[in-house]
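Architecture and fold: a report
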Amino acid sequence: MRLFIAVDLSEELREKIAPILKTISGLNGVKAVEKENLHITLKFLGEVNEARVPAISEALKKVAFEPFKIYLKGFGFFPNERYARVAWIGIREGEEELRKLAEGINSALKKVGFKPESFTAHVTIARVKKPEGRKIVEVLRDLEDDFGWMDVRDFRLKKSTLTSKGPIYEDLEVYGVER
């Protein structure tokens, strides 16, 4: 199973981002993320044997955190604007709390055999598949980039099934304040 741990965006933020996704999905060489798949990845686990899921789940149950708020604003690109391969929306407030949550997850999963990795708070909105897709940088410069606040009350262990139409995400477990 292909697994990752994430914070899902609120429906309100997804609706605010949807017009951006519609605009960039028309660009040649760009694959926009589906609105329902918008999230902040806290840790990517990759291909994991199903037999390991109970241990992962138990480890994640021990990650404690208090609810907090995040504010989404601004566009960015990995690795950079000139060679954009991924377009993203930034986290302007609450980034430190997200980092602490990601560190708690790294620490908990280290005990069940996963290596800690660095964390960069962002919401991926598109992947650039061809060089002509780099026009996305110019297009995003002219679009509204202030999306607002949301509460982070939980995080999720998610399964990703890759299909020709894009990934299908399924929550395996929800951790945190609201279960």
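Here the structure is a predicted model, which means the values were calculated and not measured.

Some points on the overall build of the chain
When helices and strands are counted, the chain shows four helices and nine strands. Starting at the N terminus and ending at the C terminus, the chain contains elements arranged as β-α-β-β-α-β-β-α-β-α-β-β-β. Along the first, second and third principal axes, the C-alpha atoms of the chain reach 45 × 35 × 25 Å. Looking at the chain as a whole, 46% of its 179 residues are labelled buried.

With respect to the packing of aromatic side chains
On inspection of all chains with the given rule, the structure shows seven aromatic pairs. Residues Phe65 and Phe68 carry aromatic rings whose centres are separated by 6.3 Å and whose planes lie at 70° to one another, so their mutual orientation is edge-to-face. With respect to class, Phe65 is no different from Phe68; both count as buried. Plain terms: the ring middles of Tyr71 and Trp149 are 4.9 Å apart, the flat faces sit at 70° to each other, and that makes the pair edge-to-face. Of this pair, Tyr71 sits in strand β4 (residues 68–78) while Trp149 sits in strand β7 (residues 146–152), and the two are 78 residues apart along the sequence. An aromatic cluster is present here, built from Phe65, Phe68, Phe155 and Tyr175 joined pairwise through their rings.

Comments concerning the side chain of Ser160
Residue position: Ser160 is located in strand β8 (residues 154–163). On the basis of relative accessibility, which here comes to 5%, the residue Ser160 falls in the buried class. Apart from the residues lying within four places of it in its own chain, the contact partners of Ser160 are Arg2, Phe4, Pro167, Ile168 and Tyr169.

What counts as what
- Residues numbered from 1 in each chain as written.
- Predicted model: local features only at pLDDT ≥ 70, side-chain atom pairs only at ≥ 80, totals over all residues.
- Heavy atoms only, no water.
- Helix = DSSP H or I, 4+ residues; strand = E, 2+ residues; numbered from the N terminus.
- Buried < 20%, exposed > 50% of the residue type's maximum accessible area, 1.4 Å probe, protein only.
- Phe/Tyr/Trp six-rings, centres within 6.5 Å; stacked < 30°, edge-to-face > 60°.
- Contact = heavy atoms within 4.5 Å.

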